[in-house]
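Below are the chains, spelled out letter by letter.
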Amino acid sequence: MGAGNWQSLAKAKLEAINSSIPTKWRLSKIPPIEEQRDVTGDIITKSLSEKEVEITETDAIEMVQKTSNGVWTAREVATAFCHRASLAHQLTNCLLETFFDAAVEDARRLDEYYRQHKRPIGPLHGLPVSLKDQFHVKGVETTMGYVGWIGTFMGKRGTGQERVFESEMVRELRALGAVLYCKTNVPHSLMSGETNNNILGYTTNPKNRNLSCGGSSGGEGALIALRGSPLGLGTDIGGSIRIPAAFNGLYGLRPSAGRLPYEGMANSMDGQNSVLSVVGPLAPSAASLKLLVKSLLSQHPWLHDPLCHEIPWREDHEEQIHRLISTSKLAFGIMKHDGLVTPHPPVQRAMDIVVQTLERLGHKVIAWKPPSHKRGIDIVHTAWAYDGGADIHGALSLSGEPPIPQITGMYGLKQREQANATEIAANNVAKREYQKEYMEYWNSTADLTSTGRPVDALIMPVAPFAAARRETYSYYGYSNIFNTLDYSSCVFPVTNVDKKADVIDERFDPISNLDRDIAAIYDPEIYDGAHVAVQLVGRRLQEEKVLALAEYVGGAVAASN
């Protein structure tokens, strides 16, 4: 397929996506970024009815209560979110697939079930859920941003699975009563903290369109930030849930590998098992994340996904945190700087806000001084490059499209040398030894906390910046370290960039060229108003504790603001 062919194929797909937006929902004018950087306000709401605004700005918890008790019909909720998602897409470029008619029909069937049985079909009855474009959903294709995947099943033709096969989690969501209605934009390859591809182009941050929405679950981040979805699902192999959550002022959970089912999803470098991609939720609240995780686990996904752990939702783990909050103090490790790259002034201020909030509440904070993060970062980078980019360049070669600039640093313009079995085994040993060393460091903090326990969680930045500027995301160490460690992590919003408070430190002395280059990205005028968030990290498979702590700390920070 020649260059002209891939471009025409991409153009046709783009036109199909945009034409799927109903004419009555199309905006007459989209303001340029220099005229309106923040599109989270009335540019959306003035195009909706009062009822649609009420529905779409309701938290998932309350929404399910209303749909499960007949206060709202699933159909009116689905229609409202299809409308708002259409507006969000026009402003940020966030949707790769829409299936609004199918969603409304699914919602109608839910309403009919409720009418007949006077009860909901499941705990997510009538709840719209958006999906990153890795999930296979019947009736629509999965391109994952690759032009060569258009009209195929993950690049292959004639499989019989095109537009028919569904991912395991999709099946579970349907059984729980969720309404699926769109799939969101990703960077092709999934290996970027910015969202860009040759089909849809660049997805912007709705709070500040000078900036990235994050990646690779960036379409989810932008859509949920504009309340075009109450709750969505992304994936994370280096920060791809946490980064969009942070950049868009959301909560986002990176569970440990095997806690939620990944079976039957499209992926990059499938079979690279040293550092696994995981699936997890993004939403405006921690309670919404809990609702989705707890509901999915009620479906016993370990019976259908061989890599999923048989661990139901553990109420006792959550209750333990609630008891500690109410009866004693907690202890937190605080890492403001990873020793490699200095966070920008707004991120430093966000960390200070969190520390001050915890101390005011009487909790213990200690400086986190773990084994070198560079070692852990090197391990995940090595794993990402095992195949020398063969999988990614193979997918690109199906159409002849070029790689986006955001991935050429890691994968180049053509395939590189692959690692051999001995090198892969050595990296796996290095990972295990690093995980053991980090584990014992965490255990050792019991001597510092005065609670008799090691720290309950670690808090640190998600990225060195509030959000990335276009083609500047060159350091992932704050997020991908926890992919190496496979620790549970939840992002929560803290504040917004304030150009008057978050000034450039003229005394800044970089510790490396990378540190200097990252610092140079920051401009208070460009960043003004952007969301700033941090991540709360627990040990492996501690999702219940991490969600409870993120809700508590995030709520305390919000109250202090």
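See above for the structure.
Here the structure is a predicted model, which is why all the values come from computation and not from measurement. All residue numbers refer to positions counted from 1 along the written sequence of the respective chain. Where local features are concerned, this predicted model is filtered to residues with pLDDT of at least 70; where side-chain atom pairs are given and counted, the filter is 80 or more; whole-chain, interface and lining totals use all residues. By convention in this description, side-chain values take in all heavy atoms of the structure and omit both hydrogens and water.

Participant: Any chance you could explain the packing of helix H4 (residues 60-68) against helix H10 (residues 286-297) here in plain terms?
Facilitator: Each pair of packed helices gets described by two things: the angle between the helix axes and the distance between those axes. Axis definition: a line fitted to C-alpha atoms, over the contacting stretch in the case of helices. Angles run 0 to 180 degrees between N-to-C directions. Runs of H or I in DSSP of at least four residues are treated as helices and runs of E of at least two as strands, each being numbered from the N terminus. Relative orientation of the contacting elements H4 and H10 amounts to 55°, with a least axis distance of 8 Å. In terms of their interaxial angle, H4 and H10 are classed as oblique. Residues Ala60, Ile61 and Val64 of H4 touch H10, and the partners they reach there are Ala287, Ser288 and Leu291. Put simply, Ala, Val, Leu, Ile, Met, Phe, Trp, Tyr, Cys and Pro go in the nonpolar bin, Asp, Glu, Lys and Arg in the charged bin, and everything else, Gly too, in the polar bin. The residue inventory of the contact of H4 with H10, partitioned by class, reads five nonpolar, one polar and no charged. Convention used here: angles under 35 degrees read as roughly parallel, angles over 145 as roughly antiparallel, angles from 65 to 115 as roughly perpendicular, and any remaining angle as oblique. Should any heavy atoms of two residues lie within 4.5 Å, those residues are counted as being in contact.

Participant: It is not clear to me how the nonpolar core should be interpreted in this structure. Could you clarify?
Facilitator: Grouped burial of nonpolar side chains is what soluble globular proteins tend to show. Among the nonpolar cores identified, the biggest contains 142 residues, and Leu173, Phe332 and Ile459 are the most heavily contacted of them. Here the element with the most residues in this core is helix H5 (residues 74-92); it accounts for ten residues. Contacts of Ile459, omitting those with residues within four sequence positions, involve Phe332, Gly333, Ile334, Met335, Met351, Val354, Leu358, Val534, Gln535, Leu536 and Val553. In this structure, Ala10, Tyr146, Met269 and Trp384 belong to the second largest nonpolar core, which totals 28 residues. The set of buried Ala, Val, Leu, Ile, Met, Phe, Trp, Tyr and Cys residues whose side-chain atoms join them within 4.5 Å is what this entry labels a nonpolar core. We call a residue buried when its accessible area falls under 20% of the maximum for its residue type, exposed when it is over 50%, and partly exposed in between, using a 1.4 Å probe and counting protein chains only.

Participant: Explain the packing of aromatic side chains here, please?
Facilitator: The description of an aromatic ring pair rests on the distance of the ring centres and on the angle between the ring planes. The aromatic pairing rule takes the rings of Phe, Tyr and Trp, using the six-membered ring of Trp, and pairs them if the centres are within 6.5 Å, calling planes under 30 degrees apart stacked, those over 60 edge-to-face and the rest tilted. In total, this model carries 16 aromatic pairs according to the counting rule given. An angle of 50° between the planes, with centres 5.3 Å apart, marks the rings of Tyr146 and Trp149 as tilted. Across the pair, exposure class does not vary: Tyr146 and Trp149 are buried alike. Ring geometry for Phe247 and Tyr473: centres 6.1 Å apart, planes at 25°, overall stacked.

Participant: Help me understand the pattern of salt bridges, please; the structure alone is not making it clear to me.
Facilitator: Should the charged atoms of two oppositely charged side chains come close, the side chains can pair. What counts as a salt bridge is simple: a side-chain nitrogen of Lys or Arg found within 4 Å of a carboxyl oxygen of Asp or Glu. Per the stated rule, a full pass over the model turns up 33 salt bridges. Between Lys499 and Glu525 there is a salt bridge; the shortest N-O distance is 3.4 Å. Taken together, the residues Lys499 in the loop between strand S10 (489-496) and helix H19 (513-520) and Glu525 in helix H20 (residues 524-527) connect sequence positions 26 residues apart. Overall, the relative accessible area of 33% leaves Lys499 in the partly exposed class. A residue is classified by how much of its surface remains accessible, and Glu525, at 48% relative accessible area, is partly exposed. A single salt-bridge network, built from bridges that share partners, covers Glu105, Asp106, Arg108, Arg109, Glu166 and Arg174.

Participant: Would you take a moment to explain the state of the cysteines for this structure?
Facilitator: Here is the idea: a disulfide is a covalent bond, and it sits between the sulfur atoms of two cysteines. For this text, the term disulfide refers to a pair of cysteine sulfurs within 2.5 Å. Summed over all chains, the structure comprises zero disulfides. Free cysteine: Cys82, not disulfide-bonded; nearest cysteine sulfur from Cys182 at 7.6 Å. Left unpaired, Cys308 is separated from the closest cysteine sulfur, that of Cys490, by 19 Å. Assessed through its relative accessible area of 8%, Cys308 is described here as buried.

Participant: So what exactly am I meant to see when it comes to the environment of Ala426 here?
Facilitator: Mapped onto the elements, Ala426 comes out in helix H16 (residues 421-444). It is 21 Å that separates the C-alpha atoms of Ala426 and Ala390, two residues lying 36 residues apart in sequence.

Participant: I tried to follow unusual backbone geometry on my own but got confused; where do I start?
Facilitator: The phi torsion of most residues other than glycine is negative, and most of the peptide bonds are trans. Residue Ser216 is bonded to the preceding Gly215 through a cis peptide linkage, with omega at 5°. Tracing the backbone through its elements, the reader meets Ser216 in the loop between strand S3 (179-184) and helix H8 (218-225). The residue Arg163 is not glycine, and still its phi comes out positive at about 60°. Within the secondary structure layout, Arg163 lies in the loop between strand S2 (128-132) and helix H7 (168-176). In this structure, Met269 is a non-glycine residue whose phi angle is positive, near 55°. If you trace the backbone, Met269 turns up in the loop between strand S5 (251-254) and strand S6 (278-283).

Participant: Is there a simple way to think about the environment of Glu551 in this case?
Facilitator: With respect to the helices and strands, Glu551 occurs in helix H21 (residues 543-560). In this structure Glu551 comes out as partly exposed when scored by relative accessible area, which is 39%. C-alpha separation for the pair Glu551 and Cys490, spaced 61 residues apart in sequence, amounts to 9.4 Å. Look past the residues within four positions of Glu551 in its chain and what remains in contact with it is Ala286 and Ala287.

Participant: Help me understand the pairing of strand S8 (residues 364-367) in this model?
Facilitator: Looking along a regular strand, one sees the side chains alternate between the two faces of the sheet. As judged from the four bridges shared by strand S7 (residues 331-334) and S8, these two strands associate in the parallel manner. In the sheet register, Phe332 faces S8, and the bridge partner there is Val365. Seen with its strands pointing away from the viewer, a crossover is right-handed when the path leading from the first strand over the helix to the second is clockwise. Chirality of the crossover, the property in question, places the unit of S7, helix H12 (residues 345-360) and S8 among those that are right-handed. Whether two strands pair comes down to DSSP finding at least two bridges between them.

Participant: Even after reading the chapter, I still don't get the sheet that holds S6, so can you show me in this structure?
Facilitator: Here we have eleven strands laid out as an open sheet, ordered S1-S3-S2-S4-S6-S5-S10-S11-S9-S7-S8, and mixed in their pairing. Two strands bound the open sheet, and with one partner strand each, they are strand S1 (95-98) and S8. Direction aside, neighbouring strands of the sheet carry axes that sit 30° apart on average. Pairing geometry for strand S4 (residues 232-236) and S6, over five bridges, is antiparallel. The residue bridging Thr235 from the neighbouring strand is Val279, located in S6. Contacts from H12 reach S7, S8, strand S9 (457-461), S10 and strand S11 (531-537), with the element oriented near 105° to S10.

Participant: Could you clarify how one ought to interpret the packing of H16 against helix H18 (residues 477-485) in this entry?
Facilitator: The interhelical angle for the contact between H16 and H18, taken along N-to-C directions, is 100°, at an axis separation of 9 Å. Here H18 runs roughly perpendicular to H16, going by the angle between their axes. Of the residues in H18, those touching H16 at Lys431, Tyr434, Gln435 and Tyr438 are Ile481, Phe482, Thr484 and Leu485. A per-class count over the contact of H16 with H18 returns five nonpolar, two polar and one charged.

Participant: Looking at this model, I keep getting lost on the environment of Asp509. Mind explaining?
Facilitator: Within the fold, Asp509 resides in the loop between S10 and H19. Taking relative accessible area as the criterion, Asp509 reaches 63% and is therefore assigned exposed. For the pair formed by Asp509 and Thr342, sequence separation is 167 residues and the distance between their alpha carbons is 9.8 Å.

Participant: How do you make sense of the side chain of Thr142 when you look at a structure like this?
Facilitator: Checked against the element boundaries, Thr142 lands in the loop between S2 and H7. The exposure class assigned to Thr142 is buried, which follows from its relative accessible area of 4%. At a separation of 3.0 Å, a polar atom in the side chain of Thr142 contacts the side chain of His136. Polar contacts here mean pairs of N or O atoms no more than 3.5 Å apart (in protein, one a potential hydrogen donor and the other a potential acceptor; neighbouring residues in sequence count only if both atoms are side-chain atoms). Within the structure, Thr142 has its side chain in polar contact with the side chain of Lys183 (distance 2.7 Å).

Participant: What am I meant to see in H12 here?
Facilitator: The α-helix advances 3.6 residues per turn, and as a result positions three or four apart in sequence lie on the same side. The end-to-end C-alpha distance of H12, which contains 16 residues, comes to 22 Å, matching closely the 22 Å that a straight helix rising 1.5 Å per residue would cover. Taken as a whole, H12 has its buried residues at Pro345, Pro346, Val347, Ala350, Met351, Ile353, Val354, Val355, Thr357 and Leu358. Following H12 by one or two positions, Gly362 has its phi on the positive side, about 90°. By this rule, a helix spans an expected 1.5 Å times one less than how many residues it contains.

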